[in-house]
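Residues per chain are reported as follows:
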Amino acid sequence: MNPPTLTPVERAALARSRYEAQYAPTEKVPTIVVDHFPELGRLTALRFLEWVQQNPEGVVSLPTGKTPEYFIRWVRHLLETWDEAETQAMLEGCGLDPARRPETGGLRFVQIDEFYPIDPRQENSFYHYVNRFYIEGLGLDRRRALLMNCREIGLGPGESLQDVCPDNTVDLSLRYRPPEDGLERRQKELLARVDQWCQDYENHIRRMGGIGFFLGGIGPDGHVAFNVRGSDHHSTTRLTRTNYETQAAASTDLGGIEIARRRLVITIGLGTITCNPDCTAVIIAAGEAKSGVVADAVQREPDVLYPATALHALPNARLFVTQGAAGGLIERRLVRLRTEPVTDADCERILVDRAVETGKKVIDLTEKDLRADRRGAALLERRPEGLRRLARTVQGRLLERIEHGSQMLSNTRFLHTEPHHDDIMLGYLADVVRHARDPSNTHHFVTLTSGFTSVSNHFMLRQVELLRRFARSKECAALMAEGYFEPDNDIAYNRDVWQYLDGVAADDRRMREEGVARRMLRNLREVCGRDTLEDLRDCIEELHEYLSTRYPGGRDAQHVQKLKGMCREWEAECLWGYLGWSCSYIHHLRLGFYTGAIFTEAPTVERDVAPVLGLLEEVRPDVVTVALDPEGSGPDTHYKTLQAITEALKRYERRTGRRDVKVWAYRNVWHRFHPAEANIYVPVSLNMFSIMDSAFYNAFASQRDASFPSWEHDGPFSELAQRIQVRQYQVLKTCLGRTWFHENPSSLIRATRGLAFLKEMSLPELYEHSRHLRQATESL
């Protein structure tokens, strides 16, 4: 097979990589690997502008969502600074002709997809996104754009979406069955007109010669545009349903999975993308979580189960991915094993993986087992110790890590940090519970963001209706009269929690609801600045009206964002109240970078680092826990809180001279450690799983219905966390043998049915981990 023909930009990117563009026959499409998420955006922007230089009036189709954040930033940055010497030098070094400034005004734009039905004026519509970030942001001509405006698609004269779809749903079965009433008759007619509109949209694209430059992300099920797993590779523009994985990914945009389940989509088809054989189709992916779907897209033969494999038919199809997203590409893993030193971590990863794949203990693996796997064969060639010695070493390390996780510290001050209010419990609750049993230990819990984006309007409405009833009660009036809700009444602040937890213990709904209502009223008083019960009742009605009329998924007014965040803070206080910690040990920093915007700001020292530093000086911890996401997961909330904590720890170390602070890094439902990456394995018993499930259900009422779930599990996060920890235990049970667990002299080990993975780090190790991506992000 001849090597792919690369453009100057692609050749320059490849020269900076350790890999070739394609390893045939394993890889079916050229793939360029970059170091991190911001660099992915830069490469994609350069390739786009290179194409625009050659096709100033070409047809382009660009993605929505968070994935193209750095693509958009880099395109704007390069166009705005094109004539500056620094940019000119960078362009030339990256293979782009600096003498030819790209002109975007002549491009013809095709919108990829849209939710249906949705008002295009809503900020969470893709129509709004395209107009804001591409038409206005990149200087495209709206008159040359083919857009999906749901206020115009399929509606007759004088009709509105609200008239025909009053509940924002359309039943696709009306395509095939007779309507049962007048509304269904109108919806059946609407469906026929929408289907015709989709065909006209498809025809319009093809009359233009098809799409010349397509840029897309890849979904958790491998979807491209909204062509989900199982889509026909010859599919065209259509109105269709999505699957659960896609609905879960869209739940944040739409205001909850309960809305995403009912919402249809209009999408261009895979055949739409590939109808132009000269189309440059680029799929971008970042982070280890995408490594599986990337591997399928690159290495699988064309198959409807893997939508991106439809692009194999295009000679100019490419995948641009980060190191983490490339983790499942077999040939590239072998290149690294053969050209770089094979570390102890590499040995552990390979032997653990082979043990799981063969169902054998690590020490029972044979050379035949390893040579049957190309990575295993490379390991035997590169490491001189021999398999017996390597296997015993790996076994010993696995045992040491379980022993480490079984031990308890005493006389230790813990500062547990989390980006969101349930991250700690979903990551390592078992370790917190065991260390909380020793009275010589002190625990402080801090959530760094408000977390308001994970509270749905539907949930808030239920809370406000509960508050309505309470505000009219004699109990409420009596508490107001005694000064219960005064801002400086710290005892009453804790009593809110104890009232709720007493209701949990007594299985008394009324007691629980009164605890919730007390705190809601306290929060409303703080946010609205009203003191009298009469004024607060007016605030309750105003809030009810706002929530009843606001579309789900929209960006809320600041006072509503604050109230939603305070609901999450209350839930954290209830959780740690389970273990007996009062509100003075629970801290809410509400870092300012967390705004709810689709592209959030970077942390700043004054606004985001200073509060963390102040807490470090107050608590004086011996152990600080941090959420440590893997490479390339993007500049999201977890990454930004990590940077704020890292910078605060640096300043704390300089001020105090303390270099002995330990860092315990954790992951939970979004990312997870391979056993070779973690160095503490915390045993989790069935009893501990029961505690986690009960605590999550009772403390995190806003998350009980899983409105914003993981694409991996249709249910509460506590269930997914248990599934992950059980899976981690099963890996270790295979590697060490079930006898080691079931006949162990320790009752803690015999009771183990799950394992939580932690990674203990020194301060310098944390600084080094955070440094690389921070520098890359700040380079823009």
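Conventions and cut-offs
Residues numbered from 1 in each chain as written. Predicted model: local features only at pLDDT ≥ 70, side-chain atom pairs only at ≥ 80, totals over all residues. Heavy atoms only, no water. Helix = DSSP H or I, 4+ residues; strand = E, 2+ residues; numbered from the N terminus. Buried < 20%, exposed > 50% of the residue type's maximum accessible area, 1.4 Å probe, protein only. Contact = heavy atoms within 4.5 Å. Polar contact = N/O pair within 3.5 Å; in protein donor to acceptor, adjacent residues only side chain to side chain. Pairing = 2+ DSSP bridges. Axes fitted to C-alpha atoms, helices over the stretch in contact; angles between N-to-C directions. Core = buried A, V, L, I, M, F, W, Y, C linked by side-chain atoms within 4.5 Å. Phe/Tyr/Trp six-rings, centres within 6.5 Å; stacked < 30°, edge-to-face > 60°. Parallel < 35°, antiparallel > 145°, perpendicular 65-115°, else oblique. Left-handed = near helix turned anticlockwise from the far one by under 90°. Nonpolar A, V, L, I, M, F, W, Y, C, P; charged D, E, K, R; others polar.

**Q** Which residues make up the side chain of Gln 499, and what values do they have?
**A** Among the secondary structure elements, Gln 499 is positioned in helix H20 (residues 490-506). Judged by its relative accessible area of 15%, Gln 499 falls in the buried class. Aside from chain neighbours lying at most four places away, what touches Gln 499 is Met 511, Glu 514, Gly 515 and Arg 518.

**Q** Could you give an account of the side chain of Thr 309, naming the residues involved and the relevant values?
**A** Within the secondary structure, Thr 309 is located in the loop between helix H11 (291-299) and strand E10 (317-322). Relative accessible area serves as the criterion here: at 1%, Thr 309 is assigned to the buried category. Within polar-contact distance, the side chain of Thr 309 engages the backbone nitrogen of Asp 303 at 3.1 Å. Excluding anything up to four places from it in sequence, Thr 309 contacts His 233, Asp 296, Ala 297, Arg 300, Glu 301, Pro 302 and Asp 303.

**Q** Could you give me a rundown of the sheet that holds strand E11 (residues 413-418), with the residues and numbers involved?
**A** Taken in spatial order, the seven strands make up an open sheet running E13-E12-E11-E14-E15-E17-E16, and their pairing is mixed. Edge strands, defined here as strands with exactly one partner in the open sheet, are strand E13 (586-588) and strand E16 (680-685). Across the sheet, the axes of successive neighbouring strands diverge by a mean angle of 25°, strand direction being ignored. As paired strands, strand E12 (residues 442-447) and E13 are joined by three bridges and run parallel to one another. Pairing of Val 446 across the sheet is with His 587, part of E13. Sheet strands in contact with helix H25 (residues 637-656) are E11, strand E14 (623-627) and strand E15 (662-666), and its direction is about 155° off that of E14. Helix H26 (residues 686-699) rests against E16 and strand E17 (752-761) of the sheet, and its axis sits at about 85° to E16.

**Q** Talk me through the nonpolar core; I want residue IDs and the actual numbers.
**A** Residues Met 425, Leu 467, Phe 470, Leu 521, Leu 547 and Trp 576 are the most contacted members of the largest nonpolar core, which totals 72 residues. When sequence neighbours within four positions are dropped, the list of residues in contact with Leu 467 reads Ala 517, Met 520, Leu 521, Leu 524 and Ile 540. In terms of nonpolar packing, the next biggest core, distinct from the first, is built from 70 residues, Ile 112, Leu 190, Leu 264 and Ala 297 among them.

**Q** Lay out H11 in plain terms, naming residues and giving numbers.
**A** With seven of nine residues buried, H11 lies mostly within the body of the structure. Turning to H11, its buried residues are Ser 291, Val 293, Val 294, Ala 295, Ala 297, Val 298 and Gln 299. As for H11, its buried residues are in contact with strand E1 (31-34), strand E9 (280-285), E10 and helix H12 (330-339).

**Q** Quick one: what's the story with unusual backbone geometry, residue by residue and with numbers?
**A** Note the cis peptide between Ala 24 and Pro 25, where omega equals 5°. In this fold, Pro 25 is placed in the loop between helix H1 (8-15) and E1. A cis amide bond links Tyr 116 to the next residue, Pro 117, at an omega of -10°. Position of Pro 117 relative to the elements: it lies in the loop between strand E4 (113-116) and helix H5 (126-136). Phi is positive for Asp 507, close to 55°, though the residue is something other than glycine. Considering the arrangement of structural elements, one finds Asp 507 in the loop between H20 and helix H21 (509-528). Exposure remark for Asp 507: the relative accessible area of 63% places this residue in the exposed category.

**Q** Tell me what's going on with the packing of aromatic side chains, and back it up with residues and numbers.
**A** Tallied over the full model, the rule gives 24 aromatic pairs. For the ring pair Trp 670 and Phe 717, a centre distance of 5.5 Å and an interplane angle of 65° mean the geometry is edge-to-face. Here the residue Trp 670 occupies a position in the loop between E15 and E16, and Phe 717 occupies one in helix H27 (residues 717-736), the gap between them amounting to 47 residues. Every member of this aromatic cluster is reached through a ring pair, and the members are Phe 48, Trp 51, Phe 71 and Phe 213.

**Q** Go over the sheet that holds strand E3 (residues 108-110), please, and point to the residues and values.
**A** The strands making up a sheet associate through hydrogen bonds between their backbones, and the pairing can be parallel or antiparallel. The parallel open sheet is built from seven strands, whose spatial order is E1-E10-E9-E6-E2-E3-E5. Bordering the open sheet on either side are E1 and strand E5 (145-146), each of which pairs with just one other strand. Across five bridges, E9 lies against E10 in parallel orientation. The residue bridging Ile 283 from the neighbouring strand is Leu 319, located in E10.

**Q** An account of the pairing of E4 is needed here, citing residue identities and associated values.
**A** Burial along E4 is two-sided: the residues Asp 113 and Phe 115 and Glu 114 and Tyr 116 are all buried. Bridging between E4 and strand E8 (residues 264-267) involves four bridges; their strand directions are antiparallel. Paired with Glu 114 across the strands is Ile 266, a residue of E8.

**Q** How would you explain the packing of helix H2 (residues 37-54) against helix H3 (residues 69-80) if you had to name every residue and give the values?
**A** One can describe the packing of H2 onto H3 by two numbers: an axis separation of 7 Å at closest approach and a directional angle of 55°. Classified by the angle their axes make, H2 and H3 are oblique. Once H2 is placed against H3, the crossing between them reads as right-handed. Mapping the contact onto sequence places Phe 37, Pro 38, Gly 41, Arg 42, Thr 44, Ala 45, Leu 46, Phe 48 and Leu 49 in H2 and Tyr 70, Phe 71, Trp 74, Val 75, Leu 78 and Leu 79 in H3. Each residue belonging to the contact of H2 with H3 can be placed in one class, and the counts come to 12 nonpolar, two polar and one charged.

Without other data, these values stay purely geometric and don't point to any function.
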